[in-house]
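Each chain, letter by letter, is given below.
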Amino acid sequence: MFVNNLLKVAMLYPVILSGGSGTRLWPLSRAALPKQFLPLVSEQTLFQETLLRLKDFPSIAAPLVICNNEHRFLVAEQLRAVSVNPLLQVLEPFGRNTAPAVAIAALAAQARNTQAILLVLPADHLIQDISGFHTAIQSAFALAQQDKLVTFGITPNEPATGFGYIERGAILAAGEDSFEVARFVEKPDLDMAQKFVASGKFFWNSGMFVFKASIYLTELQRYRPDIYQAAQQAWQHSTSDLDFCRLDEKAFASCPSDSIDYAVMEHTQAAAMVTVDIGWSDIGSWASLYDVSPQDEQGNALRGDVYTAETTQTYVRAESRMVATIGVRDLVIVETADAVLVMHKDFAQDVKHTVEYLKQAERTEHLIHRRVYRPWGYYEGIDIGDRFQAKRIMVKPGAKLSLQKHHHRAEHWVVVSGYAKVTRGEDILLLQEDQSTYIPIGMKHRLENIGTGSLYLIEVQSGSYLGEDDIVRFDDDYKRS
């Protein structure tokens, strides 16, 4: 069970790294809703699964969550949904890779407990053997108490070329699963990967770590003082915002971007490894998601409204409509409301080329879904044309949008279900099903759900410019500018 009232003794502090864009799982994963916040394997998201697999670990602190500023309300909502109260939710103004993020976490943990030991976990991994994972954490914790910087080496089940490898060194007294690290190796070609696996001395680099906050900071200062100093300044000048910790943007902007491996682990003399076989996957592609998904007698992994005939070894995911496949094999088919991906599993790493095309074409399908989540609920596009667009809006019970105005568009609101309180200039309107109102260009307005259930309405915008940045906020519960 997570502990919030902490003693000044050696205790494990989970650090959940929830940045990253997950572009290799497009079209489901996008910048505004990346893979760690999606329910890819179960009904819980990968981020939630990462939290939940720690709840039964004894005497563990509440998690420190590091996330992108743009995902702050999404993270907060997913924490609330699984009843996890974080020790701290730190907002990065922009990504700087894992070395600076963990430095911030180490400084935050040390401010609460000088003996803090960090358990660093990416939020987008799958671990199927929870008991085995807990045993490995205990082994790593014992090594960390001896001032080791510990990583987890995954026993390889194939000569994968998409992972870095770790070569084990001498066995350590902590147990038969504990070793010194001989070296880290970059992602190999197939021939080298086959030799690594055959030797029995090489393990996949999991990107998970256990070490004392103090030791990590000492080694970071030794090998990358520039990262250490910038992270320290960003932390010292951080501010509180609602339930969030905002890092100083200027200081963090000066911080170099680097991973824990490059910045510290490949240089330190204190690197150790616990080897594990725990059903681990980084869900790094649609092919890897197929591998860990339940499959039928034909070897198909199906999710959503799917019909198959003469189809084998295929992953099909239908998000918004029925998908039928006939006479195909070894494919990945992913349907969303605004994009469909069809590819052979052997080309799973090439999804990134599609994302690059979308960026260069200045399209939006790599950034957002048709449904866009906000702290008050969500909106989704219904139709768009010259000088107009229509949206379906859901507002959660008790939530309200900011008091705002627009310079270039007017809005028509029609309540579909629920009860709305509308600020319209100096007037206050109470609307229910089948009632509507009109907001002229330049008028201050606000929408609030005063009912006990969700509020749904249709919004029709009209004007010369309909971008989301045409908004002036005067008052906002969520402190957005």
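To keep things clear, this report deals only with the structure shown in the data block. The residue count restarts for each chain, going from 1 along the sequence in the order it is written. In keeping with the predicted nature of the model, local features appear solely for residues at pLDDT of at least 70, side-chain atom pairs appear and are counted solely at 80 or more, and the whole-chain, interface and lining totals rest on all residues. Water and hydrogen atoms were dropped before computing side-chain values, which therefore reflect all heavy atoms in the structure.

## With respect to the overall build of the protein chain
Note the cut-off: For the purposes of this entry, the term helix denotes a DSSP run of H or I that reaches at least four residues, the term strand denotes a run of E that reaches at least two, and both are numbered from the N terminus. Only protein chains enter the accessibility calculation, which uses a 1.4 Å probe; a residue whose area is less than 20% of its type maximum is buried, one above 50% is exposed, and one in between is partly exposed. We call two residues in contact when some of their heavy atoms are within 4.5 Å. Computed with the Shrake-Rupley method and a 1.4 Å probe, the accessible areas treat only the protein chains shown as cover for residues.
Along the backbone of the protein chain there are 11 helices and 32 strands. Seen along its three principal axes, the alpha-carbon backbone of the protein chain occupies a region of about 75 × 60 × 40 Å. Burial statistics for the protein chain: of 481 residues in total, 52% are counted as buried. Summarising the internal contacts of the protein chain: among those between residues at least 6 apart in sequence, 69% fall at separations of at least 24. Put simply, the protein chain shows about 21700 Å² of open surface, and 48% of that area lies on carbon and sulfur atoms.

## Regarding the sheet that holds strand β31 (residues 455–463)
We apply this condition: Only strands that DSSP links by at least two bridges are regarded as paired with each other. Interaxial angles span 0 to 180 degrees and are taken between N-to-C directions of axes, which are lines fitted to C-alpha atoms, for helices over the stretch in contact.
Spatial ordering of the open sheet is given by β22-β23-β24-β31-β26-β29, a layout of 6 strands whose pairing is antiparallel. The open sheet is flanked by β22 (371–374) and β29 (436–439), the only strands paired with a single partner. Shown here is a sheet whose adjacent strand axes are inclined to one another by a mean of 20°, direction ignored. Bridge analysis of strand β26 (residues 409–417) against β29 gives 4 bridges, and the strand direction is antiparallel.

## Considering the packing of helix α3 (residues 98–110) against helix α6 (residues 213–223)
The line we're drawing: Note that the term roughly parallel is reserved for angles under 35 degrees, roughly antiparallel for angles over 145, roughly perpendicular for angles of 65 to 115, and oblique for everything else. Here a crossing is called left-handed whenever its near helix is offset anticlockwise from the far helix by less than a right angle, and right-handed whenever the offset is clockwise. Amino acid classes used here: Ala, Val, Leu, Ile, Met, Phe, Trp, Tyr, Cys and Pro are nonpolar; Asp, Glu, Lys and Arg are charged; the rest, including Gly, are polar.
It is at 9 Å that the axes of α3 and α6 come closest, and there the two elements cross at 135°. Here α3 is positioned oblique relative to α6, judged by the angle of their axes. With respect to the hand of their crossing, α3 and α6 are arranged in left-handed fashion. Two secondary-structure elements touch here, α3 through Ala99, Val102, Ala103, Ala106, Leu107 and Gln110 and α6 through Ala213, Ser214, Tyr216, Leu217 and Leu220. A per-class count over the contact of α3 with α6 returns 9 nonpolar, 2 polar and no charged.

## What about the packing of α3 against helix α7 (residues 225–236)?
Running from amino to carboxyl end, α3 crosses α7 at an angle of 50°, the nearest separation of the two axes being 9 Å. On the basis of the axis angle, α3 is oblique to α7. When you trace α3 past α7, the crossing you get is right-handed. Only Ile227, Ala231, Gln232, Ala234 and Trp235 of α7 make contact with α3, whose side of the interface consists of Ala99, Pro100, Ala103, Ile104, Leu107 and Ala108. Its residues assigned to classes, the contact of α3 with α7 comprises 10 nonpolar, 1 polar and no charged.

## Concerning the environment of Arg72
Its location among the elements puts Arg72 in helix α2 (residues 72–81). When the C-alpha positions of Arg72 and Phe244 are compared, they lie 7.9 Å apart, and in sequence the two are 172 residues distant. When sequence neighbours within four positions are dropped, the list of residues in contact with Arg72 reads Cys67, Gln89, Leu91, Phe244, Arg246, Tyr478 and Arg480.

## Notes on α3
Just so we agree on the cut-off: For a helix, the expected span equals 1.5 Å multiplied by the number of residues minus one.
If you check α3, its first and last C-alpha atoms are 18 Å apart, about what 13 residues at 1.5 Å a residue would give, namely 18 Å. Most of α3 sits out of view: 11 of its 13 residues are buried. Buried within α3 are the following residues: Ala99, Pro100, Ala101, Val102, Ala103, Ile104, Ala105, Ala106, Leu107, Ala108 and Ala109.

## Topic: the pattern of salt bridges
What counts here: Note on definitions: salt bridges are taken to be side-chain nitrogens of Lys or Arg within 4 Å of carboxyl oxygens of Asp or Glu.
Following the criterion strictly, the structure yields 25 salt bridges and no others. Between Lys391 and Glu468 there is a salt bridge; the shortest N-O distance is 2.4 Å. One end of the pair, Lys391, is in strand β24 (residues 388–395); the other, Glu468, is in the loop between β31 and β32 (472–475), with 77 residues separating them in the sequence. Residues participating in the shared-partner salt-bridge network are Glu77, Arg80 and Lys396.

## Quick word on the environment of Thr155
With respect to the helices, strands and loops of the structure, Thr155 is situated in the loop between β8 (149–154) and β9 (165–171). Distance from Thr155 to Lys212, taken between C-alpha atoms, is 25 Å for residues 57 residues apart in sequence. Other than its neighbours up to four places away in sequence, Thr155 contacts Phe203, Val276 and Asp277.

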